[in-house]
Amino acid sequence: MITVEHLYHSYGRNDVYAVKDVSFDIPKGEVFGFLGPSGAGKSTTQGILTGLLRLQQGQVSVAGYDVKNLKNSMFNRIGMSFEQSNVYSKLTARENLQFFAKLYDVPTRDPDELLKLVGLDGKGQIRAGEFSKGMKHRLTFARSMLNNPELWFLDEPTTGLDPAIAATIKGIIREQNQQGVTVFLTTHNMYIADELCSRVAFIVDGEIKLIDSPKNLKLQHGQSVVAVEYGDDGKLVSETLSTVDAQGRQRLQDLIASQRIRTMHTKEATLEEIFIQVTGRELV
Ligand SMILES: Nc1ncnc2c1ncn2[C@@H]1O[C@H](COP(=O)(O)OP(=O)(O)O)[C@@H](O)[C@H]1O
Ligand SMILES: [Mg+2]
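Residues numbered from 1 in each chain as written. Chains lettered and ligands numbered in written order. Predicted model: local features only at pLDDT ≥ 70, side-chain atom pairs only at ≥ 80, totals over all residues.

Novice: Help me understand the nonpolar core, please; the structure alone is not making it clear to me.
Specialist: Nonpolar side chains tend to gather and get buried jointly when the protein is soluble and globular. Counting residues in each nonpolar core, the largest one holds 61 residues, and the members touching the most others are Leu35, Leu49, Leu139, Ala142, Val183, Phe184 and Leu185. Non-local contacts of Leu49, meaning those with residues more than four positions away in its chain, are made with Ile2, Val60, Val62, Val67, Phe153 and Phe184. (Core = buried A, V, L, I, M, F, W, Y, C linked by C-beta atoms within 7 Å. Buried ≥ 20, exposed ≤ 12 C-beta atoms within 10 Å, placed from the backbone. Contact = placed C-beta atoms within 7 Å.)

Novice: Please clarify how the site of ligand 1 should be interpreted in this entry.
Specialist: Surrounding ligand 1, one finds Tyr11, Ala18, Gly36, Ser38, Gly39, Ala40, Gly41, Lys42, Ser43 and Thr44. For the shell around ligand 1, a count of residues per class yields three nonpolar, six polar and one charged. (Near = placed C-beta within 6 Å. Nonpolar A, V, L, I, M, F, W, Y, C, P; charged D, E, K, R; others polar.)

Novice: Mind showing me how you'd approach the pairing of strand β6 (residues 78–81) here?
Specialist: When a strand is regular, its side chains alternate between the sheet's two faces. Burial along β6 is two-sided: Ile78 and Met80 and Gly79 and Ser81, pointing in opposite directions, are all buried. Here β6 runs beside strand β7 (residues 151–155); their pairing, made up of four bridges, is parallel. Bridge pairing in β7 places Ile78 opposite Leu151. (Helix = DSSP H or I, 4+ residues; strand = E, 2+ residues; numbered from the N terminus. Pairing = 2+ DSSP bridges.)

Novice: Whenever I open this one, the sheet that holds strand β4 (residues 57–62) confuses me. Can you help?
Specialist: Either a parallel or an antiparallel arrangement is found when strands of a sheet pair, and the pairing is made through backbone hydrogen bonds. Within the open sheet, the four strands sit side by side as β2-β1-β4-β5. Their pairing is antiparallel. The sheet is open, and its two edges are formed by β2 (19–26) and β5 (65–66), each paired on a single side. Sheet analysis places strand β1 (residues 2–9) next to β4, joined by five bridges and oriented antiparallel. Bridge pairing in β4 links Val4 to Val60. Across the face of the sheet, helix α1 (residues 42–49) comes into contact with β1, β2 and β4 while running at roughly 120° to β1. (Axes fitted to C-alpha atoms, helices over the stretch in contact; angles between N-to-C directions.)

Novice: Explain the packing of helix α8 (residues 214–221) against helix α10 (residues 271–279) here, please?
Specialist: Packed helix pairs are specified by the crossing angle of their axes together with the interaxial distance, meaning the distance between the axes. Here α8 crosses α10 at 70°, and the two axes come no closer than 10 Å. Judged by the angle between their axes, α8 and α10 are roughly perpendicular. Of the two elements, α8 crosses α10, and the hand of that crossing is left-handed. Seen from α8, the contacting residues are Pro214, Leu217 and His221; seen from α10, they are Leu271, Ile274 and Gln277. Class assignment for the residues of the contact of α8 with α10 results in four nonpolar, two polar and no charged. (Parallel < 35°, antiparallel > 145°, perpendicular 65-115°, else oblique. Left-handed = near helix turned anticlockwise from the far one by under 90°.)

Novice: Would you take a moment to explain the environment of Ile2 for this structure?
Specialist: Within the element layout of this structure, Ile2 appears in strand β1. As for Ile2 and Lys28, which are separated by 26 residues in sequence, their C-alpha atoms are 8.3 Å apart. Each residue touching Ile2, except ones within four places of it in the same chain, is listed here: Asp25, Ile26, Leu49, Val62 and Phe184.

Novice: Mind showing me how you'd approach the packing of helix α3 (residues 93–101) against helix α5 (residues 133–143) here?
Specialist: α5 packs onto α3 with a crossing angle of 30° between their chain directions and a minimal axis gap of 10 Å. In terms of axis orientation, α3 runs roughly parallel to α5. You can see that α3 and α5 cross each other, and the crossing is right-handed. Packed against α3, whose contacting residues are Ala93, Asn96, Leu97 and Phe100, the element α5 presents Leu139, Ala142 and Arg143 at the interface. A per-class count over the contact of α3 with α5 returns five nonpolar, one polar and one charged.

Novice: Help me understand the domain arrangement of the protein chain, please; the structure alone is not making it clear to me.
Specialist: Reports often express the size of an interface as the amount of accessible area lost when the parts come together. With domains assigned, the protein chain is organised as domain 1 (2–218) and domain 2 (223–267). Look at where the C-alpha atoms of domain 1 and domain 2 centre, and you get two points 45 Å apart. (Domains from an automatic or database assignment.)

Novice: What am I meant to see in the sheet that holds strand β8 (residues 182–187) here?
Specialist: If you trace the six strands from one edge of the open sheet to the other, you get β6-β7-β8-β3-β9-β10, paired in mixed fashion. Only two strands of the sheet have a single neighbouring strand rather than two, namely β6 and β10 (207–212). Adjacent strand axes in the sheet meet at a mean angle of 15° when their direction is disregarded. Where β7 meets β8, five bridges bridge the pair, whose relative direction is parallel. The residue of β8 that forms the bridge with Leu154 is Leu185.

Below, the structure is given as structure tokens:
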């Protein structure tokens, strides 16, 4: 669905690159996460893939289109939501969706149904200018679904939203993906990446450091320890045991044999810990 080869982008005339030699492939049906701290080059990459920024260097194909010579018909097939809400303040929420729906040459979804989906039911008559930041963000998100896109670009889709609304948005992304929509998702939130993405790319300073599934990453970087809680003279005692060394394994077997274990969990590294291990950087 997306092929990117040796992509570079510079905002100035100097040799400072916001995106450096970035390459990746996204097959149909995947939720691909672009995970990295602020300033890593995520939005720049999305901008180039969606034709908002001119392609300077590299090869990019999106839904079968070469972004060097973009055709309008591509925009009928993709959806995009950006960090900055782009809606008309003077139009009502419903009018905004009606306006943008007219730009497509394909059947579009009912504005009121979309407003309801993102938790803005009953707000259709209100001017977007009166909306809170979170509401504008949701309106922008709803707008990105108007044309039933088969490829969906989402830049920080849950940033700044309260947890309940963020959960709704996550649910919508998951459901769209189950219906076959391919998703390119950029975020600095590792929970979202972990929950939604089939594969993630770690991006720092404009460069991809690795691409893998969250599951593989956790298996590879897992700590191989077991945390147990057991009863001892009426008290609950916790112990963390390595399953790699012989002593830890023996201790674990003894505890199991003693039948005093109340809880037992294998511990895996979180995606955030792995990100720090691999890139040496925090996800902020
Ligand atoms: N319009 C712009 N002009 C100049 N520099 C920019 C512009 N947009 C982004 N940058 C710079 O490019 C780098 C990558 O930014 P961006 O793609 O927005 O990162 P991210 O989305 O990962 O936070 C940053 O150093 C940022 O300051
Ligand atoms: Mg960004």
